[in-house]
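Structural overview for review
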Amino acid sequence: MILDLINKKRLGQELTYQELDSFFNGYLNGEVADYQMSAMLMAICINGMTDDEIFALTKIFIESGDVLDFSHIEGVKVDKHSTGGIGDKTTLIIVPIVAACGGIVIKMSGRGLGYTGGTIDKLESIPGFRTNLSEKEIEKQVKSIGLVVTGQTGDLAPMDKVIYALRDVTATVSSIPLIASSIMSKKIAGGADKILIDIKVGNGALLSNKADAKKLSDLMIKIGDYYHKEVRTVISDMNTPLGYAIGNSLEVLEAIDVLKGYEKNSFLVELCKELAADMISMSFNISNEEALKKVNNVLKDGSAYQKFEEMVSFQKGDLSKLCVSEKTFELKSPKDGIIQKIDALQLGKLSLQLGAGKEKMSDKIDHSVGILLNKQKGEKVKKGEVLATIYYQKKLVDINIDNIYKID
Ligand code: URA
């Protein structure tokens, strides 16, 4: 039976809900071995899945764990997810903006694996900040201030966790049907009414071309329709790091700058405004133009930053103790020219070597290290001018500027 199912998928045939259910649950209870699941995942990766198979797999992942219900909290609960990238601190900026506009956001974020930290690691660089709130605490906070960003409560889609770990070591992470069911199962189990997904494309992201991002977008919207949840997607660039800061404390500081209305980085600010406007438009059924006006207002009048401070204070963080390493090193330009490229993937690898991310879940993150860019792509630079400052703690790692920058 196990072999028949692997064979069926290898031949590109459609598996029924019952077949997928028995195979995937069989893996959880030990009847299907790692090597058999690996073969199935590779067959899926190569042959794809039909929409019915994707809906079935998403349902199987959702039903493997808890499904949270926040329907007793009044109002539309809107969630956002990013497929991840280098310097992606958008959650820290968008969630307070949406709450300042009157939206309700219950955001369960994760930790990073590889490159920089995840949102939870970034928030934990604020000493004392609590990321393990109970459902009761989430409810109390949301009713009081309209926003919460916390680690996952309950056991959401535990089957996805084990399958993801196997995908990670069998070169099957980039399968679009598997990414769609993995992300959507966790979002739906998390209890949001409406969901915004920021799909990153580029060398620092999971997907490297726009056509794949569009396919993923269409699939996630279809899964949302199936569950009667409005899903919107934005496809955004991840060839260049997002913003100036890479690394946990540095990214929190940059998020604060943006919330205080500092417009230095137009791409980061524009993306955050676009994403926040989508969430507000979904929350209140208004046009994106109207939503964008609200976003600009709360950035201008200080109420978005005030929401961020309220969240930090509710979750017991102390912003005055945020710590950035005092050991720094400046990367200087080897020549005059225009910056043609700042490689997101190479900077991600560098930040990992500095200790800002983890290679294994058991590694410990150093919140104080990272990279602060001094110039963006397209800017002029003179020989000897500072391109970036490296914040390090242990030993400074070898850095090859030519791998990171293209200056002509
Ligand atoms: N993020 C997830 O949660 N799952 C994937 O498959 C890819 C990115």
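Here, the structure is the one placed above.
A brief report on the enclosed structure follows. Keep in mind the model is a prediction, meaning the values are calculated, not measured.

Thresholds applied
- Counting restarts for each chain: residues are numbered from 1 in the order of the written sequence.
- Thresholds applied to this predicted model are a pLDDT of at least 70 for local features of residues and 80 or more for the giving and counting of side-chain atom pairs; totals over whole chains, interfaces and linings are not thresholded and use all residues.
- The side-chain figures draw on all heavy atoms in the structure; neither hydrogens nor water molecules are used.
- Note on definitions. A residue lies near a molecule or strand when any single heavy atom of the residue is within 4 Å of it.
- Polar contact is the term for a pair of N or O atoms within 3.5 Å; when the atoms are in protein, one must be able to donate a hydrogen and the other to accept it, and sequence-neighboring residues count only if both atoms are side-chain atoms.
- Helix and strand assignments come from DSSP, with helices taken as H or I runs of at least 4 residues and strands as E runs of at least 2, each series counted from the N terminus.
- Gly counts as polar in this scheme, as do all residues outside two lists: the nonpolar Ala, Val, Leu, Ile, Met, Phe, Trp, Tyr, Cys and Pro, and the charged Asp, Glu, Lys and Arg.
- Throughout, nonpolar core names a set of buried Ala, Val, Leu, Ile, Met, Phe, Trp, Tyr and Cys residues whose side chains join them through atoms within 4.5 Å.
- Burial status follows relative accessibility: with a 1.4 Å probe on protein chains alone, a residue under 20% of its type maximum counts as buried, one over 50% as exposed, and anything between as partly exposed.
- An automatic or database domain assignment is the source of the domain bounds shown.
- Contacts: residue pairs with any heavy atoms within 4.5 Å of one another.
- Salt bridges are identified by distance alone: a Lys or Arg side-chain nitrogen within 4 Å of an Asp or Glu carboxyl oxygen.

Some words on the site of the ligand
Contacts to the ligand come from Tyr164, Arg167, Ile179, Ser182, Ile183, Lys186 and Leu206. One of the side-chain nitrogen or oxygen atoms of Arg167 is found 2.9 Å away from an oxygen atom of the ligand. The separation between a nitrogen atom of the ligand and a polar side-chain atom of Ser182 is 2.6 Å. Those elements that place two or more of their residues in the shell around the ligand are helix H8 (158-168) and helix H9 (176-189). Take the shell around the ligand: its biggest share by element is four residues, from H9. Classifying every residue of the shell around the ligand gives four nonpolar, one polar and two charged.

Structural notes on the nonpolar core
Counting residues in each nonpolar core, the largest one holds 71 residues, and the members touching the most others are Ile97, Phe308, Ile371 and Tyr405. Considering every element that reaches this core, the biggest residue donor is helix H12 (residues 266-284), with 10 residues. Residues from two domains meet in this core; each of domain 2 (77-320) and domain 3 (324-407) gives at least three. In this structure, Tyr405 is in contact with Leu331, Ile339, Lys341, Ile342, Leu373, Leu387 and Ala388, ignoring residues within four places of it in sequence. Core analysis: the next-biggest nonpolar cluster, separate from the first, contains 54 residues, Phe55, Ile104, Met184 and Ile223 among them.

Some words on the pattern of salt bridges
Across all of its chains, the model carries 27 salt bridges by this definition. For Asp51, the salt bridge identified is with Lys222, shortest N-O distance 2.6 Å. Of the two residues, Asp51 sits in helix H4 (residues 51-62) while Lys222 sits in helix H10 (residues 210-226), which places them 171 residues apart along the sequence. Of the charged contacts, one joins Glu330 and Lys332 as a salt bridge, the two residues approaching to 4.0 Å between their closest N and O atoms. For Glu330, a relative accessible area of 40% corresponds to the partly exposed category. Overlapping salt bridges bring together Lys194, Glu230, Arg232 and Asp278 as one network.

Keep in mind these numbers describe shape, not what the thing actually does.
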